[in-house]
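# Reading the structure
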Amino acid sequence: MSVGLLIIHLVIGLTFVGHGAQKLFGWFGGHGLKGTAGWLESIGVKPGVLMAFLAGAGELVGGLLFAAGFLTPVGALLIVVTMLVAIFTVHGKNGYWATESGFEYNAILIAVAIGVALIGPGSYALDAIVFG
């Protein structure tokens, strides 16, 4: 079970790190803080720079914590909050299915984050080493 949890930690966590880096630094094909802020303002989310920073920081920090399995419930909470904001500001109005820009993917990520937080991080996580 711990190997399975490790795979989930790494894939989900590092994906969130990448998304945060896209928003904050423009890495991995992202638009950086200014570009993300401009897009957020164009859809009515203001102040754009602050909201872009919060979204990027939530994804980056949440992803790092989740990937490492360190303070796993905190990392999961940051992922859940970020995805809920994405649902309420962007995807929710489009329905469920991702093919219609809906919130399907966000819901799956929320379920995974909550599931791992409730199950526990597994023995290959820093939480297991630090908190035994």
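Residues numbered from 1 in each chain as written. Predicted model: local features only at pLDDT ≥ 70, side-chain atom pairs only at ≥ 80, totals over all residues. Heavy atoms only, no water.

Let us now look at unusual backbone geometry. Most of the time, phi is negative for any residue but glycine, and the peptide bond is trans. In this model, Lys46 is joined to Pro47 through a cis peptide bond whose omega is -5°. The residue Pro47 is located in the loop between helix 2 (32-42) and helix 3 (48-68) in this model. Positive phi, normally seen in glycine, also occurs at Leu71, with a value near 50°. Topologically, Leu71 is positioned in the loop between helix 3 and helix 4 (72-91). Judged by relative accessible area, which is 33%, Leu71 ranks as partly exposed. Unlike most non-glycine residues, Ser101 shows phi in positive territory, near 65°. In this structure, Ser101 sits in the loop between helix 4 and helix 5 (104-119). (Helix = DSSP H or I, 4+ residues; strand = E, 2+ residues; numbered from the N terminus. Buried < 20%, exposed > 50% of the residue type's maximum accessible area, 1.4 Å probe, protein only.)

Here the focus is the packing of aromatic side chains. Within this structure, the stated rule accounts for 5 aromatic pairs. Their ring planes at 40° and their centres at 4.8 Å tell us that Phe25 and Trp27 sit as a pair that is tilted. With 5.2 Å between their ring centres and 90° between their planes, Tyr96 and Phe103 make a pair best called edge-to-face. Through a chain of ring-to-ring contacts, three or more aromatic side chains come together here, namely Phe25, Trp27 and Phe28. (Phe/Tyr/Trp six-rings, centres within 6.5 Å; stacked < 30°, edge-to-face > 60°.)

Our focus in this paragraph is a nonpolar patch on the surface. On the surface, Leu71, Val74, Leu126, Ile129, Val130 and Phe131 cluster together into a nonpolar patch covering about 560 Å² of accessible area. The dominant element in the nonpolar patch, judged by the number of residues it contributes, is helix 6 (residues 126-131), at 4 residues. Structurally, the position occupied by Leu126 is in helix 6. Judged by its relative accessible area of 38%, Leu126 falls in the partly exposed class. (Patch = residues over 30% accessible without salt bridge, like charges linked within 9 Å, V, L, I, M, F, W, Y side chains within 5 Å. Areas by Shrake-Rupley, 256 points an atom, 1.4 Å probe, with all protein chains shown as cover. Salt bridge = Lys/Arg side-chain N within 4 Å of Asp/Glu carboxyl O.)

For the pair helix 3 and helix 4, interaxial distance at closest approach is 8 Å and the crossing angle is 145°. For the pair helix 3 and helix 4, the crossing hand works out as left-handed. Of helix 4, the residues touching helix 3 (which contributes Ala55, Gly58, Glu59, Val61, Gly62, Leu65 and Phe66) are Thr72, Val74, Gly75, Ala76, Leu78, Ile79, Thr82 and Met83. Taken together, the residues of the contact of helix 3 with helix 4 sort by class into 9 nonpolar, 5 polar and 1 charged. (Axes fitted to C-alpha atoms, helices over the stretch in contact; angles between N-to-C directions. Left-handed = near helix turned anticlockwise from the far one by under 90°. Contact = heavy atoms within 4.5 Å. Nonpolar A, V, L, I, M, F, W, Y, C, P; charged D, E, K, R; others polar.)

The next thing to look at is the layout of surface pockets. Approximately 840 Å³ is the volume found for the largest pocket. Per element, the largest residue contribution to the lining of the largest pocket is 9 residues, and it comes from helix 4. Considered class by class, the residues forming the lining of the largest pocket number 16 nonpolar, 14 polar and 2 charged. (1 Å grid on protein atoms, 1.4 Å probe; cavity = no way out; pocket = protein on both sides within 12 Å on 5 of 7 lines; lining within 4 Å. Points joined across faces, edges and corners; volume = space filled by probe spheres on them.)

Within the element layout of this structure, Gly29 appears in the loop between helix 1 (2-25) and helix 2. Judged by relative accessible area, which is 64%, Gly29 ranks as exposed. A sequence separation of 10 residues divides Gly29 from His19, and the C-alpha atoms of the two residues are 9.7 Å apart.

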